[in-house]
Amino acid sequence: MSGFKKAFVLVAALGLAGCSTSPWDDSSLGNSGGTGVAGSNLDPASPAYFQETIGDRVLFLVDQSALNPTAESILQGQARWLTANADYSVTIEGHADEQGTRIYNLALGERRANAAREYLISQGVSGSRIQVVTYGKERPLEICSAESCYANNRRAVTVLAGGLTG
C-alpha cells in the first residue's frame, strides 16, 4: 500500500473510532437538557426557536401602530425569551405596506418598531438591548396589489443579535 493510502485508512479508522456506538445518540451535541438539538428550533435557547416557535414578527392594521392582543401575546413570549437569554440584543425593524408616500411609511414603520420596543421594555427587557430601525415600504415581504400582501407587509420584526459569546 502506498503512503497516501495508509494515511487515508488511518484517518478513516480514527474518524470511525470517535463515532457513537448508537446511531441515534445525540448527547454529544450539547442539547439543552434533552429538550432539543443545540441551535435547532427544538432548542428553547436558540434563535431558530425564537423565530419559529415564539414568533419574530407582529402585524398591524392599516395606518396603525397600536398593538393588538395577538401582537401583545407574541411580544410577551419574546420578552420571556429575551429575559431567559440575556446574551442577546435585538433590532426591531418597522415596516409598512406599499400604499402611501415613502416619508409617511418611514414614519409609520418607526412608530410600529417603537411600539414593539416600548412593550418589551414594559415587560422587563432593558431598553439598552433594543434598537429600532424603520424601512417603511422599502422591504416588502410580499409584492402584490392585494390586501393579503399588504397585511403581511404591515409589521414589526424582532431580529436577534449576539448570543455567540461562550
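Everything below is about the structure shown above.
Residues numbered from 1 in each chain as written. Predicted model: local features only at pLDDT ≥ 70, side-chain atom pairs only at ≥ 80, totals over all residues. Heavy atoms only, no water.

A. Broad picture of the packing of helix α2 (residues 47-55) against helix α3 (residues 69-84). Relative to each other, α2 and α3 sit at 155 degrees, their axes nearing to 10 Å. Here α2 lies roughly antiparallel to α3, going by the angle between them. Considering how the two elements wind past one another, α2 and α3 form a crossing that is right-handed. Of the residues in α3, those touching α2 at Pro 47, Tyr 49, Phe 50, Ile 54 and Gly 55 are Ile 74, Gly 77, Gln 78 and Trp 81. Here the residues of the contact of α2 with α3 sort into six nonpolar, three polar and no charged. (Axes fitted to C-alpha atoms, helices over the stretch in contact; angles between N-to-C directions. Helix = DSSP H or I, 4+ residues; strand = E, 2+ residues; numbered from the N terminus. Parallel < 35°, antiparallel > 145°, perpendicular 65-115°, else oblique. Left-handed = near helix turned anticlockwise from the far one by under 90°. Contact = heavy atoms within 4.5 Å. Nonpolar A, V, L, I, M, F, W, Y, C, P; charged D, E, K, R; others polar.)

B. Spotlight on the packing of aromatic side chains. Evaluated as defined, the whole model comprises two aromatic pairs. When the centroid spacing of 4.9 Å and the interplanar angle of 55 degrees are considered together, the rings of Phe 50 and Trp 81 count as tilted. Of this pair, Phe 50 sits in helix α2 while Trp 81 sits in helix α3, and the two are 31 residues apart along the sequence. Judged by relative accessible area, Trp 81 falls into the buried class, the value being 5%. An angle of 55 degrees between the planes, with centres 5.0 Å apart, marks the rings of Trp 81 and Tyr 88 as tilted. Given the relative accessible area of 9%, Tyr 88 is considered buried. Joined through ring pairs, the aromatic side chains of Phe 50, Trp 81 and Tyr 88 make up one cluster. A cation sits over an aromatic face here: Arg 139 above Tyr 135, 3.9 Å from the ring centre. (Phe/Tyr/Trp six-rings, centres within 6.5 Å; stacked < 30°, edge-to-face > 60°. Buried < 20%, exposed > 50% of the residue type's maximum accessible area, 1.4 Å probe, protein only. Lys NZ or Arg CZ within 6 Å of the ring centre and 35° of its normal.)

C. Summary view of the packing of α3 against helix α4 (residues 102-122). In contact at an axis separation of 9 Å, α3 and α4 are set at 55 degrees when each is read in the N-to-C sense. In terms of their interaxial angle, α3 and α4 are classed as oblique. In this structure, the crossing between α3 and α4 has a hand that is right-handed. Packed against α3, whose contacting residues are Glu 72, Leu 75, Gln 76, Gln 78, Ala 79 and Leu 82, the element α4 presents Ala 116, Tyr 119 and Leu 120 at the interface. Its residues assigned to classes, the contact of α3 with α4 comprises six nonpolar, two polar and one charged.

D. Examining the sheet that holds strand β4 (residues 155-162) more closely. The four strands lie next to each other as β1-β4-β2-β3, forming an open sheet whose pairing is mixed. The sheet is open, and its two borders are formed by β1 (57-59) and β3 (130-136), each paired with just one other strand. Averaged over all neighbouring strand pairs, the angle between strand axes comes to 20 degrees, with direction disregarded. Taken together, the three bridges between β1 and β4 define a ladder with antiparallel strand orientation. Paired with Val 58 across the two strands is Ala 156, which belongs to β4. Contacting β2 (88-95), β3 and β4, α4 runs over the sheet at an angle of about 155 degrees to β3. (Pairing = 2+ DSSP bridges.)

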